[in-house]
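Fold and geometry: a report
One-letter residues, chain by chain:
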Amino acid sequence: VDTYHTTFGIRSIAYSADKGFRLNGEEFLMKGACMHHDNGLLGAVAFRDAEFRRVRRMKENGYNAIRTSHNPPSEAFLNACDSLGMLVIDESFDHWVKPKRPNDYSNYFEEWHIRDIQAMVYRDRNHPSVVMWSFGNEVQERADPDGIEIGKALAAAIREVDNTRPVTQAVCGFWDNPGKEWDDSEGAFSMLDIGGYNYQYEQYESDHRKHPERIMYGSESVPQHAWENWEKVKRLPYVIGDFVWTGMDYIGESGIGHTRLVDKGAKDEGNFLKPWPWYISWCGDLDILGNKKPQSYYRDVIWGESKLELMVSMPQPDGMESRISYWGWYDELNHWNWEGYEEEAMQVRVYSSYPEVKLELNGVELGQANISRQDKYIAQFRVPYQAGELRAIGMEDGKEVESIVLKTAGPATQLALYPEERDLTAHPNALAFIQVEALDNDSLLRADSEDAVQVKVSGPARLLAAGNASPLHQGSFTDRMFHLFRGRGMVIIRSTGQSGTIEVEVDSDKLESARITLEAL
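The text that follows walks through the structure, step by step, so that each part is easy to find. (Residues numbered from 1 in each chain as written. Predicted model: local features only at pLDDT ≥ 70, side-chain atom pairs only at ≥ 80, totals over all residues. Heavy atoms only, no water.)

1. Quick word on the overall build of the chain
Tallying secondary structure elements over the chain gives eight helices and 30 strands in all. Computed over the C-alpha atoms, the radius of gyration of the chain is 24 Å, within 12% of the 24 Å expected from 2.2 N^0.38 for a compact globule of 521 residues. Over its C-alpha atoms, taken along the principal directions, the chain stretches across nearly 65 × 60 × 45 Å. For the chain, the residues scored as buried account for 56% of the 521 residues in total. Partitioning the contacts of the chain with sequence separation of at least 6, the portion at a separation of at least 24 is 70%. With an accessible surface of roughly 23000 Å², the chain has 47% of that area assigned to carbon and sulfur atoms. Charge centroids of the chain, computed over 55 positive and 82 negative side chains, lie 2 Å from each other. (Helix = DSSP H or I, 4+ residues; strand = E, 2+ residues; numbered from the N terminus. Rg over C-alpha atoms; globule rule 2.2 N^0.38 Å. Buried < 20%, exposed > 50% of the residue type's maximum accessible area, 1.4 Å probe, protein only. Contact = heavy atoms within 4.5 Å. Areas by Shrake-Rupley, 256 points an atom, 1.4 Å probe, with all protein chains shown as cover. Lys, Arg positive; Asp, Glu negative; His and termini not counted. Charge placed at Lys NZ, Arg CZ, Asp CG, Glu CD.)

2. Things to note about empty space enclosed by the protein
Left-over empty space is what a probe sized like a water molecule reveals as it rolls over the atoms. Applying the stated criterion across every chain, the model contains three cavities of 30 Å³ or more. Here the largest cavity defines a volume of roughly 90 Å³. Taken together, Asn 39, Gly 40, Leu 41, Ala 50, Arg 53, Arg 54, Met 248, Ile 288, Leu 289, Phe 433, Met 490 and Ile 492 make up the full set of residues lining the largest cavity. No other element matches the three residues that helix α1 (residues 48-60) contributes to the lining of the largest cavity. Looking at the lining of the largest cavity residue by residue, the classes come out as eight nonpolar, two polar and two charged. Contributing to the lining of the second largest cavity are Met 35, His 36, Asp 38, Arg 54, Met 248, Asp 249 and Tyr 250. (1 Å grid on protein atoms, 1.4 Å probe; cavity = no way out; pocket = protein on both sides within 12 Å on 5 of 7 lines; lining within 4 Å. Points joined across faces, edges and corners; volume = space filled by probe spheres on them. Nonpolar A, V, L, I, M, F, W, Y, C, P; charged D, E, K, R; others polar.)

3. A look at the nonpolar core
One finds Met 30, Phe 135 and Trp 336 to be the most contacted residues of the largest nonpolar core, which totals 107 residues. One finds Leu 415, Ile 434, Ala 466 and Leu 518 within the second-largest nonpolar core, a separate group that totals 26 residues. (Core = buried A, V, L, I, M, F, W, Y, C linked by side-chain atoms within 4.5 Å.)

4. Observations regarding the layout of surface pockets
One number sums up the size of the second largest pocket: a volume of about 1000 Å³. Around the second largest pocket sit 32 residues that line it, and His 70, Asp 94, Lys 100, Asn 137 and Glu 253 are the ones nearest its centre. Broken down by element, the residue count for the lining of the second largest pocket peaks at three residues, all from helix α3 (residues 109-124). Looking at side-chain class alone, the lining of the second largest pocket contains 14 nonpolar, nine polar and nine charged residues.

5. Let's talk about the sheet that holds strand β11 (residues 239-244)
A barrel is described by the order of its strands in space; here eight strands give the closed sequence β4-β5-β6-β7-β8-β9-β10-β11, paired in parallel fashion. Neighbour-to-neighbour, the strand axes of the sheet open up by a mean angle of 25°, direction not taken into account. In this sheet, strand β6 (residues 87-91) lies alongside strand β5 (residues 65-68) in parallel orientation, the contact comprising three bridges. When the bridges of β6 are listed, Ile 66 appears paired with Val 88. Most of the contacts of helix α4 (residues 145-161) go to strand β7 (residues 130-137), to which it runs at about 155°, and overall it touches β7 and β8 (167-171). (Pairing = 2+ DSSP bridges. Axes fitted to C-alpha atoms, helices over the stretch in contact; angles between N-to-C directions.)

6. What to know about the side chain of Ser 92
Locating Ser 92 in the fold gives a position in the loop between β6 and α3. In this structure Ser 92 comes out as buried when scored by relative accessible area, which is 8%. If near-sequence neighbours (up to four positions away) are discounted, Ser 92 is found in contact with His 70, Asn 71, Pro 72, Ile 117, Met 120, Ser 134, Phe 135 and Gly 136.

7. Quick look at the packing of aromatic side chains
Taken as a whole and assessed by the stated rule, the structure comprises 25 aromatic pairs. Consider the rings of Trp 336 and Tyr 385, whose centres lie 4.9 Å apart with planes at 65°: the pair is edge-to-face. Of this pair, Trp 336 sits in the loop between β15 (332-333) and β16 (345-352) while Tyr 385 sits in the loop between β19 (378-384) and β20 (389-396), placing them 49 residues apart in sequence. The class of Trp 336 is buried, set by a relative accessible area of 0%. Ring pairs connect the aromatic residues Phe 93, Trp 96, Tyr 105, Phe 109 and Phe 135, which therefore count as one cluster. (Phe/Tyr/Trp six-rings, centres within 6.5 Å; stacked < 30°, edge-to-face > 60°.)

8. Considerations on the sheet that holds strand β17 (residues 356-361)
Read across the sheet, four strands follow the order β18-β17-β20-β21 without closing on themselves; strand pairing throughout is antiparallel. Among the strands making up the open sheet, the edge pair consists of β18 (364-370) and β21 (399-407). Across the sheet, the mean angle separating the axes of adjacent strands is 20° when strand polarity is ignored. The pairing of β20 with β21 spans eight bridges and is classified as antiparallel. Its bridge partner being in β21, Ile 393 is matched across the sheet by Ser 403.

Below, the structure written as structure tokens:
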């Protein structure tokens, strides 16, 4: 007798153009992120603890849905989504017969696509987190007669195994099919229950007039259009969510989210990719360590996770201006350490849903600004730099309600270690993630530190990876030495399987060392 044990969940989903997506009978707007398979410093390996951490990080930052772009995820990832309450669009293929790279899956598609898509659905159909099956992303032949037939066959193969979830694919503009117009995409949508739109939020309302029964979502969008995309989701019931490209930085597509300095007024289109030593995408709302980048703070405000955030743009040389790539974000940081720029005007951006904000520097008011939806919850100020405290204040009816402060840190004098968990399981695949920071004497982060750090691990664990979030190559992640980036880094250790006390120490030539103990139980 065969016995099979599985974890499952009970939930209901429903979807329609007039009521949107409903989870357990209630309206659910998908605050989504596209995510590649890799785990930052760990590369492509899918440790359970790393997969749970990745999903937990997204949940902590307001996301409630993930599109697994563009491959079936690990079982550990789906287990984490089940456990933590994260919806999933489970996606299979990034191409069909026509290749995107010489050695990609197109070499095997014709023989294997039906068996592989059904294997994915068989494996994943007991996961309640999965609410859509996707069989393609920006597939070149999506609207060709042959491609439409392939799409129909894939949709039928999915429904044969599981007809309880909608079928989708991600459809983009015809940059890869010169001569075709957006209306030619109708065939690609014809076999779908819900239509995925890559970077096409401007088409929602016109497509709804032509196809009032169509349900839509932003299967990919960019941070600089976060406001526009989310306004459509909130206002249009047939648009059920928005999935930013991407939720977290990933290895590959190097530098697609870069910023660059150019001569003012110059005609500069930039490049899609950045050359070596760039090695990660740099387009994520979170960096590869799982920490927030500036666009994530803005998203917090438009999603209602926060009402007030404060950012400072990087200084620009005279005659130069900063331009962002299509997937990029403004070159700004949330610190007030700009030595060498005293009295120079810094551009300060306040993200806020308060109707009015006030800015102060060292207790002196610099100005106030009214903020409306027309401003996209952004107020801008020009502030001559002086060390001290920069304070943004959110106001309602003329009264101060909330404030946020950026304080100038002194010179970095010490290292600090912040373990995300104090205990780990005495299992060979158990991991512990430890944040490393450079601090001043008052324990303030010194956000421009790039000090070299040495790692030592003793006890029943070993160093698995160490590094920082920089988009530029930094050496092997398995080395015991790494540099901080913007004052931070990370150490990841792996249990040997034995119980006992683990000691982790970091030291530097210039900074006081730090030491912590963990318990493997």
